[in-house]
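# Structure assessment
Listed here are the chains, written in short residue letters.
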Amino acid sequence: MPASAARDAPALTLAEALAWSRYATRLVTADPALGAWLEAQVATPFPWPPQLATLAALPDDTVAVALRKLRQRVLLHTLARDLTGRAPLGEVVATLSTFADHAVAVATGVTHRALVRTFGEPRGESDGAPQRLAVVALGKLGGRELNASSDIDIVLVYPEDGATDGSRSIANREFFDRQGRALASLLGDVTADGFVFRVDLRLRPYGESGPLTVTLAGLERYLVTQGRMWERYAWVKARPLTGDCEAELAALVTPFVYRKYLDYDAYEGLRDVHRQIREQAERRGRGDDVKLGRGGIREIEFIVQALQLVRGGRDPGMRQRGTRDALAAIAERELLPAPAVAALASAYDYLRRLEHRLQYRDDQQTQRLPADDGERAALAATMGAPDIATFDAQRLHFRDSVEQWFGMAFTDTVDDAASSAYAGVWDAPSAESHRELLAAAGYADPDNLLQTLRTMRQSPRYTALPAASRDRVDRLVPRLIATAAAVPGPSGAQSTLARLLTLLEAVWRRSAYLALLLEHPPLLPRLAQLMGASAWAAEYLTRHPLLLDDLLDAQTLLAPPDWDAWRTDLAAQLAAHADDAERQMDVLRHFKHAESFRLLVQDLAGELTVERLADHLSALADIVVGATVDACWAHLYAGACGAPRFCVVAYGKLGGRELGYASDLDLVFLYDVAPGDADEDGAPQRYARLAQRINNWLTQTTAAGGLYATDLRLRPDGAAGTFCTSLAAFRKYQRDSAWTWEHQALTRARAVAGDPGIAAAFDAVRDAILRTRRDPAQLAAEVVAMRARMHDGHPNRSELFDVKHDPGGMVDIEFVVQYLVLSHAAEHAALTRNAGNIALLLESAELGLVPGAAAVAVADAYRVYRRVQHAVRLTGATHVRVDPAPYARPRADVAALWTHVFGAPRAGTPVG
C-alpha cells in the first residue's frame, strides 16, 4: 500500500473523536462548559496567550490545581484536532511539549519560592551568586516531540555547591534535592483533578542509586568517567527548560555526546548497541507494541540518533534534538538513501499518530495494541482504515519498512560474511577453488585477478610493511573484493577492483589512510561507486588520496558550488600563510583538487549538466588564477609598488567557459603603464618577471601535486614573442600583424584576473578587432584553409568518428561561429559577446545570418558532442572517438550549415 494512504483517509467528526476517547467523554460529561469551549476553539491551534496569562497571575498555592485543569484543556483540544484531521503530527507534539515546558517552568518557580521562604536563597560558594535549578529535559520532551500521555524524563542540575542565605541555612544540595522532590510531587501526584506529568528521574547520573540533583562539575565528572554508550544517546536530546546555565551545560555535554573523531572502538560500541537492541527485540516477540516492538518507534529513533553520534562531532548541523529535524538533516546530507529517509519519516508519522490514539483512549501511557476485536476495529477507524484487515496491512507495511532499514543502517554494503568469504582468496590466491567463487561474484577473469593478488602479496612493498599495516591490508583486501562485487560500476567488478587495488597500493605505506578505510565502512561503497564510474576519477583520486577525507562528508560533497564562498575561503587560507610561498602553492593545489573533486562527485552523481560543470570549472580556474596573481605580486613587490597594472587573458576552453577537468589554460599576460610613470622603463622587466612567476606557480608540481598546465603560444608572435605584452603592443599587433586564426581565437578570449581597468582596456581592443570590416570571401577562404590545416594535424585513421576533429564535429561548428562573428560583428555588435558557441549560433539565426532550423539543429549537435566528449574523457581515453552510426544525423546537420555558410562542402565530409 502507498505510505500516504493512512494520512489521506477521511478524518473523524468531533463527535466521533470524543466517542473514541473515553477520557475526553468523561471530561465533557463532568464539565459541559469544557465541551462548549472545545467546540468554539477546535478549529484553531491551542490559544496559548490567554491561558498563560491566567496561569501567571495565579497565587502559588493554586498552581497545582490550575496546571491539572490546563492539562485537561490542552489534551482535550489536542486530541480533538488530531482525530478530526485538523492538526498534523508537528502541531500535536509541539502543543504537548509547549505545555510541558511551561508547566515545568511554573512548577520550578513555585517550588523554589516555597523553599526560599523557609531557607533563603541558595548561593554559590565561589562568588555568592544566587543559584537556580536547571531542569534538563531528555527523551521526547528534550526533542519537543512529547506524546499524549508521556512521562517526562528530566535530570536536575544546579551550578555549584554552597549554602542558602536564610536564618535556617542548608546546603545547596539539600535545597535542590528538596526542590526536586517537591517538583516531582507537584507535577506527578494524582489528585481529584488528575496529574500534570509523570516524572522520571532515573536518567540522572548513577540512576536511582545516585543523588536526586547534581552540580555541573559532578555531571561532568560522571559523564567523563562513567558515561556509557546508551547515555550518549539519551543526552542527544538534552534541553534545559529552566535555570541560567545553558552555555555551561552545553560545553560539558556536547563533547561527551559528539566526539570530534570517531575511533574504531566507538564503531564497535555502536555495533554492540545495535546487536543488543536487535536481540532484545527478538526476545520480546512483542509485535503489538508500536514503540518497543519490531519495526517500532524506538528503532527509528535509534537509527537517527546513531547517525547523529557518528556525524555530529564534525557537523554541528546534525545536532538536532527532535527526530524529525534530525531526519531532515540526514536527508539534506544524504547520509541515508532518499527512499530510506522517506520511509522512516512516513513510518514515524504513522506510528506516532497511532501511539497517540492508543493513549487518547483512556489517558494511559500505553503503546500496545488492544487484543479485543471491537477495540481494534474502533482503533482502525481512528486511523482511517475501514476494517481491521486494512488497518493491519497499513501497520505491517510501516513496521516492515522500519525493520528493513533498521537492519541495514549499521550493516556495511559489504557485510562481514561476504568479506569473510573472500578472506581465503587473499590469504591463498593460488588456490584453484577460488575461481568459481570469483566468477559467481561477477569477476570476468578470475585467473587474471588471482594472479594480480599473488603479485601484490608477494611484492617487496607488501612484505616490507609494518605488521600493523599488513594486518590492515589483509583485512581490507577481502572487503574491497566484496565491495567491488556489490558495487561493480559501469565497467564491471574486475575493473572497479583493479582501480581500488591500485589506490590501496598507492596508500598502504600511510597507515592513516588504511585506518580511514577500515574505520569508516560506508566509505568503501562510495569509493567503489566513484572509481567504478570513471577511470579518470580513479586515477585522479589515486594521485590525490588526501581527497578520501572528503568522501566522508556527503553534505560538503554535494553542496551546490558557491563561487563567492570559494573566493573567500581561498583568500583566507592563503592569508594564513602570507609569508610562506611554498605553503601557499600547496594551499592553491589542495583547494583546486578538493573543489574539482566535489564537482567530479556531483558530475558522476548526475547533479550537473556538462555546461554547468564547465561553468564551475572555469570559475574555479578564474579564482585560482586571480589568487595566484595576487600572491605572486605580494611576494615579488609587496610594499615596493602599488597594485599591478596587469591582467591575465584566457583564450580557448577557459576563455569560452568550457573548461574540462584536465584542460590546459591558454593564457596571455598584458600590462600597461601610464605615460610619464616614474618606473615606465622598468615596467617590462617587472611584469615579465611577474608573468613568469605566475606561470611557475600554476605549472610547477609540488608535494601537493600539480595545478594547471598552461599554453602561452597565443601571445603576440607566439613562442618568439615577449612573455608579457604591453597593452599598446597587443593592440598594434592585433590591428596590424595578427593572422586570421588569431582573430578567430580572440572571439573566445576574456580577461580572467588582474586590474579591472586593464581588463576593460583589453575588452575595448577585442571589440574593435572583432568589429573590423573584412572581405567575406577572403575571410571564408582563410578560415576554410585554416580548418584544413588543423584537420591535417589531427589525422584519424580509425573507422571511428572523432567527435572533436572529424568533419561534422565540434571544430567545424566552432569555425562556423568564429566566421560569423568576424564577418558580421561590424554590423551586429551583439556577436562580440563572449557568450559561447551555442548562444552565438542562435544569435546569428535571430539576426537572419543563418537559417533558424539549421542553427537549432547544429546547436543541439554541439550539446550532444560536448556530452559525448565529457563521458568518453571520464573513461580515461586519449581520443574521443566513437561509433559513427548514431551521429550521422548531427554530422549531416553540421555539414549542411558549413555548406550554407562557406558556399561549398567541407573537405572530407561523409556523404549521406
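Presented here is an overview of the structure given in this document. (Residues numbered from 1 in each chain as written. Predicted model: local features only at pLDDT ≥ 70, side-chain atom pairs only at ≥ 80, totals over all residues. Heavy atoms only, no water.)

## With respect to the packing of helix α32 (residues 581-604) against helix α35 (residues 683-699)
The test is simple: Whenever a helix is involved, its axis is fitted only over the stretch in contact; in every case the axis is a line through C-alpha atoms, and angles between N-to-C directions fall within 0 to 180 degrees. Secondary structure elements follow DSSP: runs of H or I of four or more residues count as helices, runs of E of two or more count as strands, with numbering from the N terminus. Geometric relationships in this document are graded by angle, where less than 35 degrees denotes roughly parallel, more than 145 denotes roughly antiparallel, 65 to 115 denotes roughly perpendicular, and other angles denote oblique. A contact between two residues is defined here by any heavy atoms of the two lying within 4.5 Å. Classification used: nonpolar for Ala, Val, Leu, Ile, Met, Phe, Trp, Tyr, Cys and Pro, charged for Asp, Glu, Lys and Arg, polar for all others including Gly.
Look at α32 against α35: their axes get within 10 Å of each other, and the N-to-C directions meet at 55 degrees. In terms of orientation, α32 lies oblique with respect to α35. Taken together, the residues of α35 that come into contact with α32 (itself represented by Ala-581, Gln-584, Met-585, Leu-588 and Arg-589) are Asn-696, Trp-697, Leu-698 and Thr-699. Each residue belonging to the contact of α32 with α35 can be placed in one class, and the counts come to 5 nonpolar, 3 polar and 1 charged.

## A closer look at the nonpolar core
The condition is simple: Note on terminology: a nonpolar core comprises buried Ala, Val, Leu, Ile, Met, Phe, Trp, Tyr and Cys residues joined through side-chain atoms within 4.5 Å. Each residue's exposure class comes from its accessible area (1.4 Å probe, protein chains only) as a fraction of the maximum for that residue type: buried when under 20%, exposed when over 50%, partly exposed otherwise.
Ranked by size, the top nonpolar core spans 120 residues in total, and within it Leu-187, Trp-235 and Phe-391 carry the most contacts. In terms of residue count, the dominant contributor to this core is helix α7 (residues 89-119) (12 residues). Contacts of Leu-187, omitting those with residues within four sequence positions, involve Leu-67, Arg-68, Ala-103, Val-104, Ala-107, Ile-152, Phe-195, Val-196, Phe-197 and Val-199. If you look at the next biggest cluster of nonpolar residues, it comprises 101 residues, including Ala-484, Ala-538, Ile-694 and Cys-724.

## Points about unusual backbone geometry
Positive phi, normally seen in glycine, also occurs at Arg-657, with a value near 55 degrees. The phi dihedral of Asp-717 falls on the positive side, at around 65 degrees, and the residue is not glycine.

## Some points on the pairing of strand β3 (residues 151-158)
We count it as follows: In this scheme, strands are said to pair when DSSP sees at least two bridges between them.
Among the 8 residues of β3, 8 are classified as buried, and the element is accordingly described as predominantly covered. With burial as the criterion, each face of β3 is covered, one bearing Asp-151, Asp-153, Val-155 and Val-157 and the other bearing Ile-152, Ile-154, Leu-156 and Tyr-158. Here β3 runs beside strand β5 (residues 198-200); their pairing, made up of 3 bridges, is parallel. Following the sheet pairing, Asp-151 is matched in β5 by Arg-198. Relative to strand β6 (residues 213-215), β3 is paired through 3 bridges, and the arrangement is parallel. Within β6, the position partnered with Tyr-158 by the bridge is Thr-215.

## Notes on the pattern of salt bridges
Applied cut-off: The term salt bridge refers to a pairing of a side-chain nitrogen on Lys or Arg with a carboxyl oxygen on Asp or Glu at a separation within 4 Å.
What the rule picks out here adds up to 46 salt bridges. For Glu-332, the salt bridge identified is with Arg-333, shortest N-O distance 3.6 Å. Given the relative accessible area of 57%, Glu-332 is considered exposed. When the shortest N-O distance is used, the salt bridge between Arg-598 and Glu-595 registers 2.8 Å. One end of the pair is Arg-598 and the other is Glu-595, both in helix α32 and 3 residues apart, which spans about a single turn. Looking at Glu-595, the relative accessible area reads 10%, which means it is buried. Salt bridges here are not isolated pairs; linked through shared partners, they connect Arg-22, Arg-361, Asp-362 and Glu-375.

## Topic: the packing of aromatic side chains
Put simply, the test is: The aromatic pairing rule takes the rings of Phe, Tyr and Trp, using the six-membered ring of Trp, and pairs them if the centres are within 6.5 Å, calling planes under 30 degrees apart stacked, those over 60 edge-to-face and the rest tilted.
Going through the model one piece at a time under the given rule, you end up with 24 aromatic pairs. For the ring pair Tyr-158 and Phe-176, a centre distance of 4.7 Å and an interplane angle of 20 degrees mean the geometry is stacked. Taken as a pair, Tyr-158 in strand β3 and Phe-176 in helix α9 (residues 172-188) lie far apart in primary sequence, 18 residues in all. Here Tyr-158 and Phe-176 have matching classes, each one buried. For the ring pair Phe-730 and Phe-762, a centre distance of 5.8 Å and an interplane angle of 50 degrees mean the geometry is tilted.

## Regarding helix α22 (residues 446-458)
The line we're drawing: Helix span is expected to be 1.5 Å times the residue number reduced by one. Along the arc lie the directions from the helix axis toward the C-beta atoms.
The first and last C-alpha atoms of α22 sit 18 Å apart over 13 residues, in line with the 18 Å expected at 1.5 Å per residue. Buried residues of α22: Pro-446, Leu-449, Leu-450, Leu-453 and Met-456, and no others. When α22 is viewed along its axis, its buried side chains cluster within an angular range of 120 degrees and face the same direction. The inward-facing, buried residues of α22 abut α20 (423-427), α21 (434-440), α23 (460-463), α24 (467-486) and α25 (493-507).

## Observations concerning the environment of Gly-143
Relative to the elements of secondary structure, Gly-143 occurs in the loop between α8 (139-142) and β3. We classify Gly-143 as buried; its relative accessible area is 11%. For the pair Gly-143 and Glu-208, spaced 65 residues apart in the sequence, the C-alpha separation amounts to 23 Å. Once residues lying within four places of it in the same chain are set aside, the contact partners of Gly-143 are Lys-237, Arg-321 and Gly-322.

So yeah, pure geometry; function would need other evidence.
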